[in-house]
Amino acid sequence: MTHSFSKFKSGTDIRGVASEGVAGEHVTLTDEVVERMAHGFALWSSEKLCRPVSELTFAVGRDCRISGERIAGVVTRALASSGARVYDCGLSSTPAMFMTTVDMGCDASVQITASHHPFNRNGLKFFTRDGGLDHKDIEAILLYAEHNDRPAVGDGTIEPLDYMARYMEHLRDIIRRGVNADDYDRPLIGFHIVVDAGNGVGGFYEQVLCSLGADTAGSVCMQPDGMFPNHIPNPEDEQAMQSICHAVRDSHADLGVIFDTDVDRGGAVDASGNEINRNRLVALAAAMALEDAPGGTIVTDSITSAGVKTFIEDHLGGVHYRYRRGYKNIINKALELTAQGQQVPLAIETSGHAAMKENYFLDDGAYLCTKIIIKLAQLRRQGRTLESLTEDLAEPVESEELRLKITDEDFRSTGERVIRELSAYAESDPQWHIAPDNREGIRVSFDKDSGDGWFLLRLSVHDPILPLNIESDAAGGVAVIREKVLSFLRTQDGIELPA
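Procedures and definitions
Starting from 1, residues in each chain are numbered consecutively following that chain's sequence as written. Two thresholds apply to this predicted model, a pLDDT of at least 70 for residue-level local features and 80 or more for giving and counting side-chain atom pairs, whereas whole-chain, interface and lining totals are computed over all residues. Side-chain numbers come from the whole structure's heavy atoms, not from hydrogens or water. Among buried residues, those of type Ala, Val, Leu, Ile, Met, Phe, Trp, Tyr and Cys that are joined through side-chain atoms within 4.5 Å constitute a nonpolar core. Burial classification: accessible surface area is computed with a 1.4 Å probe over protein chains only, and a residue below 20% of its type maximum counts as buried, one above 50% as exposed, and the rest as partly exposed. Helix and strand labels come from DSSP, where a helix needs a run of H or I of at least four residues and a strand needs a run of E of at least two; each type is numbered from the N terminus. Only heavy atoms enter the contact rule, under which two residues are in contact if any of them lie within 4.5 Å. Two strands qualify as a pair provided DSSP detects at least 2 bridges between them. Handedness rule for crossovers: strands pointing away from the viewer, path from the first strand over the helix to the second running clockwise, crossover right-handed. Given the number of residues in a helix, its expected span is that number minus one, multiplied by 1.5 Å. In this analysis, axes come from line fits to C-alpha atoms, helices being fitted only over the stretch in contact, and the angle between any two N-to-C directions falls in the range 0 to 180 degrees. What sets the label is the angle itself: under 35 degrees gives roughly parallel, over 145 gives roughly antiparallel, 65 to 115 gives roughly perpendicular, and the rest give oblique.

Moving on to the nonpolar core. If you look at the biggest cluster of nonpolar residues, it comprises 71 residues, and the most contacted ones within it are Phe204 and Tyr205. With 10 residues, the single largest contributor to this core is helix α11 (residues 365-381). Residues in contact with Phe204, not counting those within four places in the same chain, are Ser93, Met164, Tyr167, Met168, Leu171, Val263 and Ala366. In this structure, Ile14, Val33, Ala78 and Val86 belong to the second largest nonpolar core, which totals 37 residues.

Dropping the structure here:
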């Protein structure tokens, strides 16, 4: 039997339908398909590392999705049948699976996760010591899988490994050293910090904080539940952020932290119950990163606010490099600029993916929140608050995102055409100021008498969607800018506009 495996590629991950339960969506990540993918990864790893599979060690972890145990079992057995040594790590965060390559000597690792996607979805995410795989690597793995190539049958081993215990101690050590309190072993005594794990695997972080002396009463959604009964485990989701905001206010906590399902993303809430998310999270992370890298470059995705650029460059003395949406895109750009000799301490996407150079440019929500907690403790000793770090950040009066559906089958060509023609239109109108530092889609700003703000129209990384982000520094400005853009888009075929 042959399969068309290209449909499983989702950026730098593999994803598909793994469980029944949603009308019209049937399981595509069957045991056979997953087994072929695991064999494909074994072959790719052997080729990449120039060693036979029998000499390789893999770690396999999973988030709490209802299909996770089944898929992880297939992957571990397939890798072992190829002759490899396999650590079965059970419930794990995605960053922890990367860390097995750092301090456990694993040659590669696999995390079974589909991030914040619905309960019936799942996927595979791969790491080597160099980090997460790129697009071309995923394509190569899927080609191996599609053509049913597999390593020679071997006699490998499967060993259970509670790596999360080791990873948690790693985070505790970072906090102990960073806070450096009189009570070195319990530096968070006197701090009240609540956690919202979204019923994903992030509940371990509450244990980290408790063991360091923090009061975590009021934490919510701690129990792993692959049906996600309370809210979508996604720091970008409004309901999820309201959950942690309410938890902070109700418990009168000093801080709240929230994670997505597999903890590669994080967000926070200050003592007043206000979100530290999206632009504000970017600003806070940049403020912390530039303390030890003055004048450094902060790489962000394309939709960051105009106020973020001003904050990074005028208030922090750094350089803002706005790049394409997609966490792997910004990480790769940070690695590229670093290789060119630039000082790049941070790559961060407004979704909550934050990768610091000091942490292998790994997007790790728990590490980001750990840095925030350390800074909270340091500032308290100075009589300051966390909010003081971003008090100079100018935030827009209004903001909006529209997701315009592309109806043509060849959605990529249509989306590129629309952006190209909109760019030509903008160049012909002196009121439309095209941003000189934009590297995705088209970003245009307007003066005070024309909307006092900006818009960004780009093509979605994966979907037949043209996201339109608009911000304005004036009440009613978003509506003015929206109408300017839509008046042009009404002349274009192949896209569905709002009423």
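There is more to say after this.
This brings us to the environment of Ser272. Along the chain, Ser272 falls in the loop between β11 (266-269) and β12 (275-276). Put simply, Ser272 and Asp493 are 221 residues apart on the chain and 47 Å apart in space, counted from C-alpha to C-alpha.

Our focus in this paragraph is the pairing of strand β10 (residues 255-259). Within β10, 5 of the 5 residues are buried, which leaves the element mostly enclosed by the surrounding structure. Burial along β10 is two-sided: Leu255, Val257 and Phe259 facing one way and Gly256 and Ile258 facing the other are all buried. Of the strand pairs in this sheet, strand β9 (residues 193-196) and β10 are connected by 4 bridges, and their pairing is parallel. For Ile193, the partnering residue across the bridge sits in β10 and is Leu255. Sheet topology note: the β10/β11 ladder contains 4 bridges and is antiparallel.

Before going further, it helps to spend a moment on the pairing of strand β14 (residues 319-322). Alignment of strand β13 (residues 297-300) against β14, held across 4 bridges, turns out to be parallel. Along β14, the bridge assignment pairs Ile298 with His320. Traced from β13 through helix α9 (residues 306-315) to β14, the parallel crossover comes out right-handed.

This next bit is on unusual backbone geometry. Residue Cys221 is not a glycine yet carries a positive backbone phi of 55 degrees. Mapped onto the fold, Cys221 is located in the loop between α6 (204-211) and α7 (238-251). Positive phi values are uncommon outside glycine, yet Phe228 reaches one of about 50 degrees. Note on placement: Phe228 falls in the loop between α6 and α7. According to the relative accessible area criterion, Phe228 is buried, its value standing at 12%.

Looking now at helix α8 (residues 279-291). With 13 residues, α8 extends 19 Å between its outermost C-alpha atoms, agreeing within 8% with the 18 Å of an ideal straight helix rising 1.5 Å per residue. The element α8 is largely enclosed, with a buried count of 12 among its 13 residues. For α8, every residue scored as buried is listed here: Asn279, Arg280, Leu281, Val282, Ala283, Leu284, Ala285, Ala286, Ala287, Met288, Ala289 and Leu290.

This next bit is on the packing of helix α3 (residues 94-103) against helix α5 (residues 163-179). Where α3 meets α5, the axes come as close as 10 Å, and the angle between the chain directions of the two elements is 85 degrees. By the angle between their directions, the pair α3 and α5 is classed as roughly perpendicular. Counted together, Pro95, Ala96, Met99, Thr100 and Asp103 of α3 and Tyr163, Met164, Arg166, Tyr167 and His170 of α5 form the full contact between these two elements.

With mixed pairing, 5 strands are arranged side by side in an open sheet as β14-β13-β15-β16-β17. The open sheet has two edge strands with one neighbour each: β14 and β17 (362-363). As paired elements, β13 and strand β15 (residues 346-348) share 3 bridges and run parallel to each other. From the neighbouring strand, Thr300 faces β15, where its bridge partner is Ile348. Against the sheet, α8 makes contact with β13, β15 and β16 (354-356), and its axis sits at roughly 175 degrees relative to β15, the strand it touches most. The sheet contacts of helix α10 (residues 327-339) involve β13, β14, β15, β16 and β17, and relative to β13 the element is tilted by about 155 degrees.

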